[in-house]
Amino acid sequence: LFGDWRNFFETMEVTEEKEQNGRRLYTVKLTARDVPPYTATVDAETGDLLRTNTQWMRPGSGARMAEMYVYEDYRELHGLRIPFKITMINPYHGRIVMQFESLETRLDLDEGFFDLGPQRKE
């Protein structure tokens, strides 16, 4: 959701423009094949993504569950604005807050760092 939406979503439609707490906000409906639609709230002045609402499928049941993310505490890092606080809210997990203290870029990582295959015991 922090990249170019045209690379993932098939349609993007501004459904509302409003003012809240002195900020002009856009509500955007984002749709892509095979995933539930997203509703995103964007700050019109900064372009910051403030909130997303969607539904996710509960594995094995086919039931959909509402999920909301709130993005706050944006900071400039290497020319990008990044939220350092992300709150996920849904009935299944409750409220989960991720607060980043720092972000590092250009790290040298071992070749297998992102290999998610089964771990071997040696």
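The structure under discussion appears in the preceding block.
As the structure is a computational prediction, the values presented were derived from the model and not from experiment.

Some points on the overall build of the protein chain
- The helix and strand tally for the protein chain stands at zero helices and seven strands.
- Listed by position from the N terminus, the elements making up the protein chain come as β-β-β-β-β-β-β.
- Computed over C-alpha atoms, the radius of gyration of the protein chain comes to 17 Å, more than 25% over the 14 Å expected from 2.2 N^0.38 for 122 residues, which places it beyond the range of a compact globule.
- Projected onto the principal axes, the alpha-carbon positions of the protein chain cover approximately 60 × 40 × 30 Å.
- Within the protein chain, buried positions represent 24% of all 122 residues.
- Sequence separation of 24 or more characterises 18% of the internal contacts of the protein chain that already satisfy a separation of 6 or more.
- Here the protein chain displays about 9600 Å² of accessible surface, and carbon together with sulfur accounts for 48% of that area.
- For the protein chain, the separation between the mean place of its 16 positive charges and that of its 21 negative charges on side chains is 6 Å.

A closer look at the pairing of strand 5 (residues 64-77)
- Bridge count for strand 4 (residues 49-57) against strand 5 is seven bridges, and the pairing is antiparallel. From the neighbouring strand, Gln 55 faces strand 5, where its bridge partner is Ala 66.
- The antiparallel pairing of strand 4 with strand 5 creates a hairpin that spans six residues between the two strands, and Gly 60 there sits at a positive phi of about 85 degrees.
- Relative to strand 6 (residues 80-90), strand 5 runs antiparallel, the two being bridged by nine bridges. Of the residues in strand 6, the one forming a bridge with Glu 72 is Lys 85.
- Linkage of strand 5 to strand 6, two consecutive antiparallel strands, is achieved through a turn of two residues, within which His 78 is found at a positive phi near 55 degrees.

Some remarks on the side chain of Thr 41
- Tracing the backbone through its elements, the reader meets Thr 41 in strand 3 (residues 35-43).
- Residue classification places Thr 41 among the buried residues on the basis of a relative accessible area of 9%.
- If near-sequence neighbours (up to four positions away) are discounted, Thr 41 is found in contact with Leu 25, Tyr 26, Asp 48, Leu 49, Leu 50 and Arg 51.

A few points about the packing of aromatic side chains
- Per the counting criterion, the structure on display carries six aromatic pairs.
- For the pair Trp 56 and Tyr 92, a centre-to-centre distance of 5.7 Å together with 75 degrees between the ring planes defines the contact as edge-to-face. Here Tyr 92 lies in the loop between strand 6 and strand 7 (94-99) and Trp 56 lies in strand 4, a separation of 36 residues in the sequence.
- Taking the relative accessible area as the measure of exposure, Trp 56 reaches 18% and is therefore buried.
- Using a relative accessible area of 47% as the deciding quantity, one classes Tyr 92 as partly exposed.
- Pairwise contacts between aromatic rings join Phe 2, Tyr 69 and Tyr 71 into one cluster.
- The ring of Phe 84 carries Arg 75 above its face, with NZ or CZ at 4.2 Å from the centroid.

What counts, and where the lines are drawn
- Residues numbered from 1 in each chain as written.
- Predicted model: local features only at pLDDT ≥ 70, side-chain atom pairs only at ≥ 80, totals over all residues.
- Heavy atoms only, no water.
- Helix = DSSP H or I, 4+ residues; strand = E, 2+ residues; numbered from the N terminus.
- Rg over C-alpha atoms; globule rule 2.2 N^0.38 Å.
- Buried < 20%, exposed > 50% of the residue type's maximum accessible area, 1.4 Å probe, protein only.
- Contact = heavy atoms within 4.5 Å.
- Areas by Shrake-Rupley, 256 points an atom, 1.4 Å probe, with all protein chains shown as cover.
- Lys, Arg positive; Asp, Glu negative; His and termini not counted.
- Charge placed at Lys NZ, Arg CZ, Asp CG, Glu CD.
- Pairing = 2+ DSSP bridges.
- Phe/Tyr/Trp six-rings, centres within 6.5 Å; stacked < 30°, edge-to-face > 60°.
- Lys NZ or Arg CZ within 6 Å of the ring centre and 35° of its normal.

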